[in-house]
Amino acid sequence: MTNDTYFVHDVKNDEINIIALTDDEQKELNNERKVATAKAKEELLQQEQKLAAKKAVLVKLGLTDEEAAALLA
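Residues numbered from 1 in each chain as written. Predicted model: local features only at pLDDT ≥ 70, side-chain atom pairs only at ≥ 80, totals over all residues. Heavy atoms only, no water.

Chemist: Describe the overall build of the protein chain, listing the residues and the values that go with them.
Modeler: Scanning the protein chain from terminus to terminus reveals 2 helices and 2 strands. Ordered by position from the N terminus, the helices and strands of the protein chain form the series β-β-α-α. Taking 73 residues into account, the globule formula puts the C-alpha radius of gyration at 11 Å, and the protein chain, at 24 Å, lies well above it. For the protein chain, the C-alpha atoms occupy an extent of roughly 70 × 25 × 15 Å along the three principal directions. Taking all 73 residues of the protein chain together, the buried fraction comes to 5%. Within the protein chain, contacts between residues at least 6 apart in sequence are counted, and of these 9% link residues at least 24 apart. The distance from the centre of the 10 positive side-chain charges to the centre of the 15 negative ones in the protein chain is 9 Å. (Helix = DSSP H or I, 4+ residues; strand = E, 2+ residues; numbered from the N terminus. Rg over C-alpha atoms; globule rule 2.2 N^0.38 Å. Buried < 20%, exposed > 50% of the residue type's maximum accessible area, 1.4 Å probe, protein only. Contact = heavy atoms within 4.5 Å. Lys, Arg positive; Asp, Glu negative; His and termini not counted. Charge placed at Lys NZ, Arg CZ, Asp CG, Glu CD.)

Chemist: I'd love a proper account of the side chain of glutamine 26, names of residues and values included.
Modeler: The topology assignment puts glutamine 26 in helix 1 (residues 23-61). Since its relative accessible area comes to 4%, glutamine 26 is described here as buried. Sequence-distant contacts of glutamine 26, that is, excluding residues within four places in its chain, are made with Asn3, Asp4, Leu21 and Arg33.

Chemist: Can you break down a negative patch on the surface residue by residue, with the values?
Modeler: There is a patch of like negative charges on the surface, built from Asp23, Asp24, Glu25, Glu28 and Glu32. One can find glutamate 32 in helix 1. (Patch = residues over 30% accessible without salt bridge, like charges linked within 9 Å, V, L, I, M, F, W, Y side chains within 5 Å. Areas by Shrake-Rupley, 256 points an atom, 1.4 Å probe, with all protein chains shown as cover. Salt bridge = Lys/Arg side-chain N within 4 Å of Asp/Glu carboxyl O.)

Chemist: Explain a nonpolar patch on the surface residue by residue, including any values.
Modeler: A grouping of Tyr6, Val8 and Ile19 is seen on the molecular surface, where their side chains present a nonpolar patch of about 210 Å² in accessible area. One can find isoleucine 19 in strand 2 (residues 15-20).

Chemist: Explain unusual backbone geometry to me, using residue names and the numbers behind them.
Modeler: Positive phi values are uncommon outside glycine, yet aspartate 14 reaches one of about 55 degrees. Overall, the relative accessible area of 59% leaves aspartate 14 in the exposed class.

Chemist: Any chance you could break down the pairing of strand 2 for me, citing the residues and the numbers?
Modeler: Pairing between strand 1 (residues 5-10) and strand 2: 6 bridges, direction antiparallel. Its bridge partner being in strand 2, aspartate 10 is matched across the sheet by glutamate 15. Counting the residues in the hairpin turn of strand 1 and strand 2 gives 4 residues, including aspartate 14, whose phi is positive at 55 degrees. (Pairing = 2+ DSSP bridges.)

On their own, these measurements won't tell you what the molecule is for.
In structure tokens, the structure reads:
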């Protein structure tokens, strides 16, 4: 697998250099991506659980989504 690259713009010479990440930098970046993905999945799960809880309350009250929205508008 090749490492990711990034661009460095040297304003003084108006040159753009393409630099590959070192193996250590690539490992750190991959770990950060894994952590961010796991966090996003956890947040999505929490949102889904909150939505399910709200829907359960609506069912208990015998209200549809539209009726609840009308009440809260």
